[in-house]
Amino acid sequence: MYLIFRCRCGRHLYAQEGAKTRTCPCGRRTTLAKARILARAEDAEAAGEMVRALQQKDRGMTGFRPAG
Ligand SMILES: [Zn+2]
């Protein structure tokens, strides 16, 4: 099981359940026990999809951007 949560910088991240911390590309380390879990996914692929969907929802009406 994978947990989806949000870093304080606004990025959505996922981590395997049981992991203690996850470091975001921004450099902040999130302690999973203290993170607000937004969603759960069966596997890394599903977690990645979910993160992508959340990021797009966040951008909202600001327009479509190419991946990457
Ligand atoms: Zn971050």
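Note that this is a predicted model, so its numbers are computed, not measured.

Asker: Looking at this structure, I do not really get the overall build of the protein. What am I missing?
Answerer: Per the secondary structure count, the protein includes one helix and five strands. When the helices and strands of the protein are read in sequence order from the N terminus, they spell out β-β-β-β-β-α. For the protein, the residues scored as buried account for 15% of the 68 residues in total. Counting only contacts in the protein whose residues sit at least 6 apart along the sequence, the fraction spanning at least 24 positions is 43%.

Asker: In this structure, what is going on with the environment of Gly 18? I would like to understand it.
Answerer: Counting through the fold element by element, Gly 18 comes out in the loop between β2 (12–16) and β3 (21–23). Exposure remark for Gly 18: the 8 C-beta atoms within 10 Å place this residue in the exposed category.

Asker: Which parts of the structure should I look at to understand the sheet that holds β2?
Answerer: Remark on secondary structure: sheet strands pair via backbone hydrogen bonds, oriented parallel or antiparallel. An order of β2-β1-β5 is seen for the three strands of this open sheet, with the pairing classed as antiparallel. Each end of this open sheet is capped by a strand with a single partner; those strands are β2 and β5 (37–41). The mean inter-strand angle of the sheet, taken between neighbouring strand axes irrespective of direction, is 25°. Taken together, the five bridges between strand β1 (residues 2–6) and β2 define a ladder with antiparallel strand orientation. Paired with Phe 5 across the strands is Leu 13, a residue of β2. The sheet strands contacting helix α1 (residues 44–59) are β1, β2 and β5, and the helix crosses β2 at an angle near 165°.

Calculation notes
- Residues numbered from 1 in each chain as written.
- Predicted model: local features only at pLDDT ≥ 70, side-chain atom pairs only at ≥ 80, totals over all residues.
- Helix = DSSP H or I, 4+ residues; strand = E, 2+ residues; numbered from the N terminus.
- Buried ≥ 20, exposed ≤ 12 C-beta atoms within 10 Å, placed from the backbone.
- Contact = placed C-beta atoms within 7 Å.
- Pairing = 2+ DSSP bridges.
- Axes fitted to C-alpha atoms, helices over the stretch in contact; angles between N-to-C directions.

Scope: geometric values only; no functional claims are made or implied.
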